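Observations on the three-dimensional arrangement
Spelled out, the chains give:
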Amino acid sequence: MANNARVLLFHVEAVKASRIESLCKKLGVGTSKIEPAQYAQKLGYLAGIPGFPKEEKSYAGPDFPLEMMVFSSMSDRLDQFLSEYKKAAISPIGLKAVITPHNIFWSAEDLYKELFKEHQFFQKA
């Protein structure tokens, strides 16, 4: 399972994305830059998890205003990744999530909306 570890990047600026990609490569973790047209796809499909076919729809809305990073199959390496991320002094990404049995069937757009609501709530708190 460990070699299925993957970080999905949404709306991450190119230089930052390439720094994250090289960090992932060092840790043996795959990365995927998700394009706006793919935002209607289920997280399971975007993470390359078997049994999740490509949906016959594409997202036509605006790009997400904030960056989002989603972790797949990283339970054993998440702490190490976050620690190395901090050490590398890569600027933080406000919206982060782990793919769970609960959200694996969500589209990227649904996850973004949920995280954005939580993010705004914590910004105000």
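That block above? That's the structure.
Residues numbered from 1 in each chain as written. Predicted model: local features only at pLDDT ≥ 70, side-chain atom pairs only at ≥ 80, totals over all residues. Heavy atoms only, no water.

Below, the discussion takes up the overall build of the protein chain. Scanning the protein chain for helices and strands turns up 4 helices and 4 strands. Tracing the protein chain from N to C terminus, the helices and strands come up as β-α-β-α-β-α-β-α. The C-alpha radius of gyration of the protein chain comes to 14 Å, within 12% of the 14 Å expected for a compact globule of 125 residues. Each of the three principal axes of the protein chain carries a C-alpha extent, and together these read 40 × 40 × 25 Å. (Helix = DSSP H or I, 4+ residues; strand = E, 2+ residues; numbered from the N terminus. Rg over C-alpha atoms; globule rule 2.2 N^0.38 Å.)

This part covers the pattern of salt bridges. According to the stated counting rule, one finds 8 salt bridges in the structure shown. With a shortest N-O distance of 2.6 Å, Glu 67 and Lys 16 are connected by a salt bridge. Residue Glu 67 is found in the loop between α2 (43-46) and β3 (68-72), and its partner Lys 16 is found in helix α1 (residues 14-27); the two are separated by 51 residues along the sequence. A residue is classified by how much of its surface remains accessible, and Lys 16, at 7% relative accessible area, is buried. Notably, a salt bridge pairs Lys 113 with Glu 109, separated by 3.3 Å at the nearest N-O pair. Taken together, the residues Lys 113 and Glu 109, both in helix α4 (residues 108-124) and 4 residues apart, mark about one turn of the helix. (Salt bridge = Lys/Arg side-chain N within 4 Å of Asp/Glu carboxyl O. Buried < 20%, exposed > 50% of the residue type's maximum accessible area, 1.4 Å probe, protein only.)

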